[in-house]
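Listed below, chain by chain, are the residues.
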Amino acid sequence: MKVNEIFKSIQGEGIYIGTPMLFVRLTGCNLRCKWCDTKYAYTEGEEWKPEDLLKKIERESMEWVCITGGEPLIQDETYLLVDALLRKGHKVLIETNGSVDISKLPTEENLVVSLDIKTPSSGMHTFNQFKNLDYLGPNDYVKFVIADETDFEYAVKIINTRDIKTEIVFQPLWGTDMEKLVKMVLDANLNVRVLPQLHKIIWGERRGV
Ligand code: SF4
């Protein structure tokens, strides 16, 4: 499988924010979001045999492993890796862009799915596969990146018309007005969590953190 980078950090996004994790960023993405901050993962990377990757991960001795991208579910071996990590007793967080069928992922307490719902500012919202919402469990969460009022209204419409049983995260696009987003959430009485990208607050827009 093709791997872009492997690094230790704390989770910077979503409801497990601040948790130390080993990040395995896989190469390749089927989308091209206008504000993508990991363009370097579209093609760059090295081929790994899944068994060698597993050994490398094991040497790092981290409880949590975050499999991200790019879009990690476009590589078939990702499912083998997830299964192997769960069997080894790891907690696994998989970050997926919402445009790929997630139904083949196992339903396990130690597997957390972070499912994006792409907003209009990404230019990719027509690729959202809403059927994926049916496969989420109580530990999973849905994430909207909000850049402006149009994104906010789109997210509210999705929340009001779809059956979302998990926690919902509104993540302000990096560089936008977080206070304004918080006010919009409070004014609309929304039961969502507004969470910034913690790693960018700490390290800025650096790679590998
Ligand atoms: S889904 Fe993620 S990796 Fe792919 S283009 Fe969008 S932001 Fe970038």
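Below, the structure is looked at part by part.

**What about the environment of Ile 168?**
Right, so step 1: Its place among the elements puts Ile 168 in strand β8 (residues 167–172).
Right, so step 2: A count of 18 C-beta atoms within 10 Å places Ile 168 in the partly exposed class.
Right, so step 3: Between the C-alpha atom of Ile 168 and that of Gly 14, which follows or precedes it by 154 residues, the distance is 8.8 Å.
Right, so step 4: Excluding its chain neighbours within four sequence positions, the residues that come into contact with Ile 168 are Tyr 141, Val 142, Ile 159 and Val 192.

**Description of the site of the ligand**
Right, so step 1: Around the ligand, the neighbouring residues are Cys 29, Leu 31, Arg 32, Cys 33, Cys 36, Thr 38, Gly 69, Gly 70, Glu 71 and Asn 97.
Right, so step 2: Of the residues assigned to the shell around the ligand, the class counts are 4 nonpolar, 4 polar and 2 charged.

**Examining unusual backbone geometry**
Where the residue is not glycine, phi is negative for most of them; where a peptide bond is considered, it is trans in most cases.
Right, so step 1: A cis geometry characterises the amide bond from Gly 69 onward to Gly 70, with omega recorded as 10 degrees.
Right, so step 2: With respect to the helices, strands and loops of the structure, Gly 70 is situated in the loop between β4 (64–68) and α2 (77–87).
Right, so step 3: The backbone of Ser 61 shows a phi angle near 50 degrees, a positive value even though the residue is not glycine.
Right, so step 4: Of the residues examined, Ser 61 has 7 C-beta atoms within 10 Å and is grouped as exposed.
Right, so step 5: Even without a glycine there, the phi angle at Asn 189 is positive, about 55 degrees.
Right, so step 6: Its location among the elements puts Asn 189 in the loop between α4 (178–187) and β9 (193–194).
Right, so step 7: Accessibility expressed as a C-beta count within 10 Å gives 6 for Asn 189, which makes it exposed.

**Some words on the sheet that holds strand β7 (residues 141–146)**
By way of backbone hydrogen bonds, the strands of a sheet pair with one another, either parallel or antiparallel.
Right, so step 1: Strand order in the open sheet formed by 9 strands is β3-β1-β2-β4-β5-β6-β7-β8-β9, and the pairing between neighbours is mixed. The strands lining the two open edges of the sheet, one partner per strand, are β3 (46–47) and β9.
Right, so step 2: Contacts from α4 reach β7, β8 and β9, with the element oriented near 145 degrees to β8.

**Description of the pairing of β8**
Right, so step 1: Sheet analysis places β7 next to β8, joined by 6 bridges and oriented parallel. Paired with Val 142 across the bridge in β8 is Ile 168.
Right, so step 2: After leaving β7, the chain enters helix α3 (residues 149–161) and then returns to the sheet as β8, a path that is right-handed.
Right, so step 3: Note that β8 and β9 share 2 bridges and pair parallel. Its bridge partner being in β9, Phe 170 is matched across the sheet by Val 194.
Right, so step 4: With respect to chirality, the unit in which β8 leads through α4 into the neighbouring parallel β9 is right-handed.

**Considering the nonpolar core**
A general tendency of soluble globular proteins is for nonpolar side chains to be buried together.
Right, so step 1: By size, the foremost hydrophobic cluster in this structure holds 37 residues, and its most contacted members are Val 24, Val 65, Ile 67, Val 82, Val 92 and Ile 146.
Right, so step 2: Ignoring sequence-local partners within four residues, the contact set of Val 65 consists of Met 21, Leu 22, Val 24, Ile 57, Leu 85, His 90 and Val 92.
Right, so step 3: In this structure, Leu 31, Cys 33, Ala 41 and Met 124 belong to the second largest nonpolar core, which totals 5 residues.

**Observations concerning the environment of Arg 162**
Right, so step 1: Positionally, Arg 162 belongs in the loop between α3 and β8.
Right, so step 2: Expressed as a C-alpha distance, the spacing of Arg 162 and Lys 131, which sit 31 residues apart in the sequence, is 9.9 Å.
Right, so step 3: Not counting chain neighbours up to four residues away, the residues in contact with Arg 162 comprise Phe 130 and Leu 133.

Conventions we followed
Residues numbered from 1 in each chain as written. Predicted model: local features only at pLDDT ≥ 70, side-chain atom pairs only at ≥ 80, totals over all residues. Helix = DSSP H or I, 4+ residues; strand = E, 2+ residues; numbered from the N terminus. Buried ≥ 20, exposed ≤ 12 C-beta atoms within 10 Å, placed from the backbone. Contact = placed C-beta atoms within 7 Å. Near = placed C-beta within 6 Å. Nonpolar A, V, L, I, M, F, W, Y, C, P; charged D, E, K, R; others polar. Pairing = 2+ DSSP bridges. Axes fitted to C-alpha atoms, helices over the stretch in contact; angles between N-to-C directions. Right-handed = clockwise from strand over helix to strand, strands pointing away. Core = buried A, V, L, I, M, F, W, Y, C linked by C-beta atoms within 7 Å.

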